[in-house]
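# Overview (structure and organization)
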Amino acid sequence: MTPAPSAGPVADTGSTRQREVLIELVTLHARVLQRMPVVQALLVAGLALVFIDKVTAPVFASWAAFALGIEALRAVVATRVLRTLNSIDPTRVHRGFVVMAACAGAADGLAAVLFLPRLEVIDQAWLGVVLFVIPAAGVAVSMSSRYILGAFALAIIVPATVTWSMLHPEHRSVIALGLLYSGLLILVAAESERLLMRAVLIRQERDRVVRDLERSNAEVRAAQMRAEDAAQARARVLAAASHDLRQPLHALSIYSAILAANPSAATLREVGENIDQIVRSLGHLLGGLLDLSRLSTGYLTPERRLFALDAECARICAEFRSLAEAKGLSLRADLPPTPLCGDQMMVGRIARNLIDNAIKYTDQGEVSISLSRIGDQAVLAVADTGKGIEPHEQQRIFEEFYQIDNPGRDRSRGVGLGLALVQRMSELIGATVSLESEPGRGSCFTVTIPDAAPEGGPASTSVTATLIPMPAGTRIYVVDDEQDILASTGTLLTLWGARVETASDVSAAVALFERFGPPALLIADLRLGGHEHGTALARRLRATWGEFPVLITTGETSSEALRETNAAGYPLMHKPITAERLREMIGRALEPAA
């Protein structure tokens, strides 16, 4: 009874190993068969020398031709198998070899039927010894296949022993001895087959180990190259950031000395405007570095929701229109309805950085923004009539802090992080960025974004954002372990008409709730210096006092608390935070109440 094949990976592994063994077996057997015509010719020649004058020559010649023809046929088939080894069915080839082995054995066994009756007893014994030795040699020829050996041996032994027993009835037991002899040879071949299986398994394991080592070495080399590239990028970023931080800090120290000298009202206004500009530049620099850090550490993960890309781009164009007009540029937008399923914030940042970059590097003419669809992809194109980019510069512009024609690091022309962020964010959302530029005629950046929603998606919304007013006396709690931040934030919120209470640690925050109850809004820093971070504090206070709006601020780029904040869904503001951004986030948080 044939056992049922087992299912699953174990069965697959066993089948693969069996195939490997069969391929190895038929390969080795085929190589031996290529030499068998020579061996058979030597056997025929030896028998001819002994029996040519004792048997009929035509009978011997016919037998010799038949035996040599069988071996020649096996050699031809073996050669063909070796030439097509990669495409053979090893099971079918093995069965063919078994059949041919039976034919070859029958050809040798036919010698007993034809010649034993015509020989003297001593010659009969000599021929019997030869015929019994041939199956023993077949153990090597069969190459560990008990089926090939069994067919070959039985095809020789059975005719020889039957003929012998008919000539010598007193020795009929020779048939049983012949069968026993054949069984022993088959057992030897079976043991060789197991050894071959073990050898194949050892080779497979060796090959697997070699492949694993090669793959591990390749991974190590790739990781090493990535680490070297990252180290070079960090060194480049740190060098540029160090310069771009030192310059405005130096200017701030000078302006601080001017303020301490009790300047005139006009000078005070000028210094205030300059300080505001410097702080904004520092904010842009730190914001860009923060985004790069979040992208590198994987804390910036894309969201997927349906939104109107045309409305998002229209809002961004409205932001930059006054800047373009101040430079005498025309800002043209071609924004047909383009629904998109993706991360609105990242796509908006990509568009904003490209438009900002185009305006900075265009002195006359226009900047145009257009949307289109290609299948299920949305295409955003930002073109300008600026200086254009030389071909050898077109790859480098996506490096951090790399700027063309700005060796003096003029902060009014940005810090060189915009296009690097465009490239990183595009990779994160699965978009592709391409550039076409001709020096002296301008450039066109094209972003192809996947997952464009079908027609009939969200309708375009108004491009003018209305700031939600803050009702006078709105109670806001600010929790932060930095006294300077508490003081400055509290003063600003008070000027905006809020009633502000501050706390520098968790216990003080809890005391505010126990004294005044829940606020209209809680602004809490993520890291509070104690055992509880801002997100955990907000969750605990909500569980006790009910739902109220929460804003989380942080200067971190990677921590478990930051991951927990993202998972909890609290609005998150990364420091430094501009006054406009803070007012916008407060308005959004208070919007349900309004």
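None of the values given here were measured: they were computed from a predicted structure. (Residues numbered from 1 in each chain as written. Predicted model: local features only at pLDDT ≥ 70, side-chain atom pairs only at ≥ 80, totals over all residues. Heavy atoms only, no water.)

### Looking at helix H13 (residues 506-516)
This is how the line gets drawn: Here's how the labels work: a residue is buried when its accessible area is under 20% of the maximum for its type, exposed when over 50%, partly exposed in between, all with a 1.4 Å probe on protein chains only. To qualify as a helix, a DSSP run of H or I must reach at least 4 residues; to qualify as a strand, a run of E must reach at least 2; elements of each kind are numbered from the N terminus. In this context, the arc is that of the directions from the helix axis out to the C-beta atoms. Only heavy atoms enter the contact rule, under which two residues are in contact if any of them lie within 4.5 Å.
Within H13, the full set of buried residues consists of Val-506, Ala-509, Val-510, Leu-512 and Phe-513. With its buried residues spanning 150 degrees around the axis, H13 presents them on a single face. Away from its buried face by more than 90 degrees, H13 exposes Ser-507, Glu-514 and Arg-515. Structurally, H13 contributes buried residues whose contacts are with strand S8 (475-479), strand S9 (499-503) and helix H14 (534-545).

### Re the sheet that holds strand S4 (residues 366-374)
Here is the rule: Strand pairing is assigned whenever DSSP identifies at least 2 bridges connecting the two strands. Note on definitions: angles span 0 to 180 degrees between N-to-C directions of axes, and those axes are lines fitted to C-alpha atoms, for helices only across the stretch in contact.
Strand order in the open sheet formed by five strands is S2-S4-S5-S7-S6, and the pairing between neighbours is mixed. Both outer strands of the open sheet, strand S2 (330-334) and strand S6 (432-438), are each paired with one neighbouring strand and no more. Between one strand and the next, the sheet's axes are offset by a mean angle of 15 degrees, whatever the strand orientation. Summarising the sheet, S2 and S4 pair through five bridges and their orientation is parallel. Bridging across to S4, Ala-333 finds its partner in Ile-369. Sitting on the sheet, helix H9 (residues 309-326) is in contact with S2, S4, strand S5 (377-384) and strand S7 (442-449), with an inclination near 175 degrees to S2.

### Considerations on the packing of helix H4 (residues 90-115) against helix H6 (residues 146-167)
A pair of packed helices is captured by two measures, namely the crossing angle of their axes and the spacing between those axes. Keep this limit in mind: Roughly parallel here means an angle under 35 degrees, roughly antiparallel means over 145, roughly perpendicular means 65 to 115, and every remaining angle is called oblique. Two helices that cross are described as forming a left-handed crossing if the nearer one is turned anticlockwise from the farther one by less than a right angle, and a right-handed crossing if clockwise. Amino acids are sorted into nonpolar (Ala, Val, Leu, Ile, Met, Phe, Trp, Tyr, Cys and Pro), charged (Asp, Glu, Lys and Arg) and polar (every other residue, Gly among them).
Contact geometry for H4 and H6: axes closest at 7 Å, N-to-C directions at 20 degrees. As judged from the angle between their axes, H4 and H6 are roughly parallel. Here the hand of the crossing between H4 and H6 comes out right-handed. For the pair formed by H4 and H6, the contact residues are His-94, Phe-97, Val-98, Ala-101, Ala-102, Ala-104, Gly-105, Ala-106, Asp-108, Gly-109, Ala-112 and Val-113 on the first element and Tyr-147, Ile-148, Ala-151, Phe-152, Ala-155, Ile-156, Pro-159, Ala-160 and Thr-163 on the second. Within the contact of H4 with H6, the residues separate by chemical class into 16 nonpolar, four polar and one charged.

### Quick notes on the pattern of salt bridges
Note the threshold: By convention in these notes, a salt bridge is any Lys or Arg side-chain nitrogen within 4 Å of a carboxyl oxygen on Asp or Glu.
With the rule as written, the count across this model stands at 14 salt bridges. Across the pair Lys-54 and Asp-123 runs a salt bridge, and its minimum N-O distance is 2.6 Å. Of this pair, Lys-54 sits in the loop between helix H2 (36-51) and helix H3 (57-83) while Asp-123 sits in helix H5 (residues 121-142), and the two are 69 residues apart along the sequence. Asp-123 sits in the buried class, given a relative accessible area of 10%. Among the ionic pairs, Glu-71 bridges to Arg-74, the shortest N-O distance being 3.1 Å. Taken together, the residues span about one helical turn, with Glu-71 and Arg-74 both in helix H3 at a distance of three residues. Each of Glu-205, Arg-208, Asp-212 and Arg-215 takes part in a single network of salt bridges with overlapping partners.

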